[in-house]
Amino acid sequence: MRKIVVSVAPVEAGKPVDAMKLAADVEKCAKAGAAMVHLHCRRPDGSLTPDISYMAECFDKILERTDLVIQASTGGVSDMNIAERCEPLKYARTETASLNAGSTNLGDAVYLNPFEDIEYCASQIYQYNVIPDVEVFDIGMIENIERMKGKVPFRYPIFYNLVFGHRGGMQANVDSLIAFRSMVPKDAKWGVTHFGRDNWDFLAAALALGAETVRIGFEDSAYLAPGKEAEYNYELVARLVEMIRAMGLENASPDEARKIMGTLK
């Protein structure tokens, strides 16, 4: 039976972060079927920062309650330089990290990821013995990573997180999904994130087309259904796992996720 890695990104951008409440919610996400948790490096007020201390506190509290795969973000629109964005890699329990593969518009913001920064971040990720989760917002970003292969010692298979739904990026429809998936190299694995999701049709289509990871959580959308928002992240995870099982698939455990992703810690 095909296993699906359910990743939860539980913190909405710009919202305050309470480490204890976050850990309690994420613990329930793990019990509902999540295998991985994704966090940005934030202060308690929700703002991005290169100081990893509060992110580490949040992850530590989560790991006191769960054995989830730890994924740190090296992204987010801010005035930080790429070295500052890579500070989360210094958290010793990071197993996988986002690698942003190009520049794009995210709503009214311009998200800058020039080639020099992509190469630097990729090299840092491997230096810290972490597996990259390559975030791509349009098809050309896959080509960016292909061009990096001679400069960065990528481990295979490379994992692509195809991100849909941001204004300025690929939109969440089946035609875009098929086009995007067709450009993922045959020796790579892929999954999806649907920013701004208010229904689940797109995620079902991605699973049917072979996605191996699906990200859910308040960072991307709180909707359980059109017009109905979840109060907690675990409600979203439970809804996704229900859909996965209804399709004859199974959600991966954290250890199964580590095997699928080839984590090194």
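For the structure itself, look to the data block above.
All figures in this text were calculated on a predicted structure; none of them were measured in a lab.

Cut-offs used in this document
Residues numbered from 1 in each chain as written. Predicted model: local features only at pLDDT ≥ 70, side-chain atom pairs only at ≥ 80, totals over all residues. Heavy atoms only, no water. Helix = DSSP H or I, 4+ residues; strand = E, 2+ residues; numbered from the N terminus. 1 Å grid on protein atoms, 1.4 Å probe; cavity = no way out; pocket = protein on both sides within 12 Å on 5 of 7 lines; lining within 4 Å. Points joined across faces, edges and corners; volume = space filled by probe spheres on them. Nonpolar A, V, L, I, M, F, W, Y, C, P; charged D, E, K, R; others polar. Buried < 20%, exposed > 50% of the residue type's maximum accessible area, 1.4 Å probe, protein only. Right-handed = clockwise from strand over helix to strand, strands pointing away.

Caption draft 1: Up close: unusual backbone geometry. Note the cis peptide between Tyr 156 and Pro 157, where omega equals 0 degrees. When you line up the elements, Pro 157 lands in the loop between helix H5 (140-148) and strand S8 (159-164). You will see that Asn 129, though not glycine, has its phi angle at about 60 degrees, which is positive. In this fold, Asn 129 is placed in the loop between helix H4 (115-127) and strand S7 (131-136).

Caption draft 2: Highlighting the layout of surface pockets. Looking at the largest pocket, its volume works out to about 560 Å³. Counting residues per element, the ones that place at least two in the lining of the largest pocket are strand S4 (96-100) and strand S6 (109-111). When its residues are assigned to classes, the lining of the largest pocket shows 11 nonpolar, 13 polar and 7 charged. In this structure, the second largest pocket spans a volume of roughly 430 Å³.

Caption draft 3: Layout of the pairing of S8. Of all 6 residues that make up S8, 6 are buried, and the element is covered over most of its length. Here S8 shows two buried faces, one formed by Phe 159, Asn 161 and Val 163 and the other by Tyr 160, Leu 162 and Phe 164. Remark: the S7/H5/S8 crossover connection has right-handed handedness. As for the winding sense of the linkage, the β-α-β connection from S8 through helix H6 (residues 174-183) to strand S9 (residues 189-194) is right-handed.

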